[in-house]
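Each chain is listed here by its residues.
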Amino acid sequence: MGNKRFIKMLVPDTKIHLWIMTVFISILAYYNLFIGGIGILVLLYLIYHHWKTQHDRKEMWTRYIESLSSDIDSATKHAILNLPIPLAIVEFDGSIAWYNPKFAEMVDVKDILERDIEDLIAGLKVSNILQDKKDMVTEVTIKDRHYKVLYNIVKITNDYESRYIIMLYWIDITHFQNLKVKYNEEKPDIALIQVDNYDDVIQGMEEANRPMVTAEIDRKVSLWAARMNAVAKRYTKDKYIVFFEHKYLERLESKRFAILDEIREIQVGNEIPITLSIGVGVNGKTPIQLEEFARAGVDLALGRGGDQAVVKKIDTLSFYGGKTKAVEKRNKVKARVIAHALRQLIDQSSKVIIMGHKIPDMDSFGAAIGVAKAVKNRGKEAYIVFEGINPAIENLYHRIQQHGEYRMIDIENVLEQLDNQTLLVVVDTHRPGFTQCPEAIQKADKIVLIDHHRRGAEFIENTVLTYLEPYASSTCELVTEILQYMEDKLVLEKVEAEALLAGITVDTKNFSFKTGVRTFEAASLLRRAGADTTSVRQLFQDDLQTFVARAQVVRSAEDIGRNIAISICPKGTHNANLVAAQAADELLDIRGIMASFVLGVRDNEELFISGRSLGDINVQVILEKLGGGGHLTVAGTQLVNVSLEEAKSMLIKAIDEYFEEGEVK
């Protein structure tokens, strides 16, 4: 900066020279008037010459600038008229004020002037442009060509007025869009396929027919893959991996993975239908991530009972199939392994906290009692999270309290009891948001999960031991098997055996739903331990008010067609939760009704829906559309900020979607 000033001082300046001459001529005139007069004349001439030179130079520069501006204006007009991209000038009301030839070629329409550009080009909104959002990108499609629309708002001023216009530039991005589509269509997806019941199918067949089953499964999977130009490889006796291009996924989803039905129809001497679980990984950044997504999809499909496909697209899940009931596993190896692992975890813990789902039922509360007994048998302290009595467990709770050996803790005290040596056992639910204290899931270091519900998208991930068996009738059945293998000899009090038997009874509807061989084995084990069936029946007795309310709900049921009945439990009904569940069960006793739904409102204004089915209609899939879950024959959901009528409309819409998707058997 200092150097520039120094150099500027050394550059001659005519004005400074004139001032210096003026000073010296004044001094000279003081001593010699004649010579001073001559100097003054010379100075006046020099001043005139300086002014004249500056004036001429300014005029010359002005003429140069004016000629340059004229050249620029001419070049600008020529550039706009001959712009190699489409250009249009639009008024604020959308009318076209001017356009260049490329724009006319693009729209290929006559009489363009003064037409509304929104009528001419679908998808373009002038109102969005006027918002003048700098990051806004508008893309439109015109006759199979894709354009990105850039804009510039210009103020036009003349002698009389000023106005604004919008200049629209149309950048052809068709090649980029086609490349983008091609990339999305050709990127790889991975499907992992597992035969759910391969061992059971093979064991129930004659030796000569067993190779035919494997060959038929291979053939159908290979044909299915060939229709997609995919690569299918079997890497174990009952598992396959399939690589295919993403463009075929839409076809698979539209046909709802028809391979599930094709495999189920295989009949080469097998007595049991063959089912598949399929996990599809989509939109992974790497092949490793794609395989992780597909693996998570298979695990989820198996956890939901198999015979279905799960498509995992990063954070979203889509479910297809699930038409058949979960196949019961006849070997008890897994139950024995789980029992030994749980015994070890209990021994390594200082205390155990047992938690079920919100508003616990007989299955949840009975399973908690069973796990508490297992903990006490190992000499450890057991605490059952208890949020208060509800009609479903009232009778069992009072009977347990008379026994007096169980420690109940409030939800507020759960977090205080948790430390790094505490084992948290969650029973009868696998959804964190459905537990009595979701915060405990986040805080606990060691979590054991025991549940029989078909797995949903929300799941307790950070478990050290998971026993999720959707084939089981109830969580009490699973706990009974665990108790059988935890000790050399089953040690159960009469009230504990009755609590477990009550849980099995309520979830099987008196051994009529989801009842398998192992269900009866568990029940007989509890019977030998002292459970009295008459005493268990008394646990389900209702008061007169509940009985009358249930009858009124059944009476007001409406047959909406498709063998489905819907009823509403009036607001303010005593024991609404219990009444709705029992009414849904009783509606299935009506001839021609294959599924039933009862809507109700709890005391805390929370709306709920109880769904029941005889098996031909999957109430779980229907209520999953409303954020719920459960089993093929028993399911439920909870809704917030909706009225009963709105909830009924949502339910009917979900039922319609279920039948439109072709999921009905």
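Each remark here, short or long, concerns the structure printed above.
Residues numbered from 1 in each chain as written. Predicted model: local features only at pLDDT ≥ 70, side-chain atom pairs only at ≥ 80, totals over all residues. Heavy atoms only, no water.

Peer 1: Help me understand the overall build of the protein chain in this model?
Peer 2: Looking only at helices and strands, one finds 25 helices and 23 strands in the protein chain. Relative to a compact globule of 665 residues, whose C-alpha radius of gyration would be 26 Å, the protein chain shows 41 Å and is clearly more extended. When the backbone C-alpha atoms are referred to their principal axes, the protein chain occupies close to 145 × 65 × 55 Å. The burial tally for the protein chain puts 45% of its 665 residues in the buried class. Long-range pairs, those at least 24 residues apart, make up 63% of the contacts in the protein chain between residues at least 6 apart in sequence. When the accessible area of the protein chain is evaluated, it comes to approximately 34,900 Å², of which 53% is carbon and sulfur surface. (Helix = DSSP H or I, 4+ residues; strand = E, 2+ residues; numbered from the N terminus. Rg over C-alpha atoms; globule rule 2.2 N^0.38 Å. Buried < 20%, exposed > 50% of the residue type's maximum accessible area, 1.4 Å probe, protein only. Contact = heavy atoms within 4.5 Å. Areas by Shrake-Rupley, 256 points an atom, 1.4 Å probe, with all protein chains shown as cover.)

Peer 1: What should I look at first to understand the packing of aromatic side chains in this one?
Peer 2: The geometry of an aromatic ring pair is captured by the separation of the ring centres together with the interplanar angle, meaning the angle of the planes. Evaluation of the coordinates by the stated rule reveals 9 aromatic pairs. Centroid distance Y658 to F659: 5.4 Å. Interplanar angle 90°. Geometry classified as edge-to-face. The exposure class of Y658 is buried, given its relative accessible area of 1%. Put simply, the rings of Y99, F103 and W170 pair up and form one aromatic cluster. (Phe/Tyr/Trp six-rings, centres within 6.5 Å; stacked < 30°, edge-to-face > 60°.)

Peer 1: Would you mind going over the side chain of Q177 with me for this structure?
Peer 2: With respect to the secondary-structure elements, Q177 resides in helix α7 (residues 174-186). Residue classification places Q177 among the buried positions, given a relative accessible area of 13%. For Q177, the contacting residues outside a window of four places in its chain are E139 and H146.

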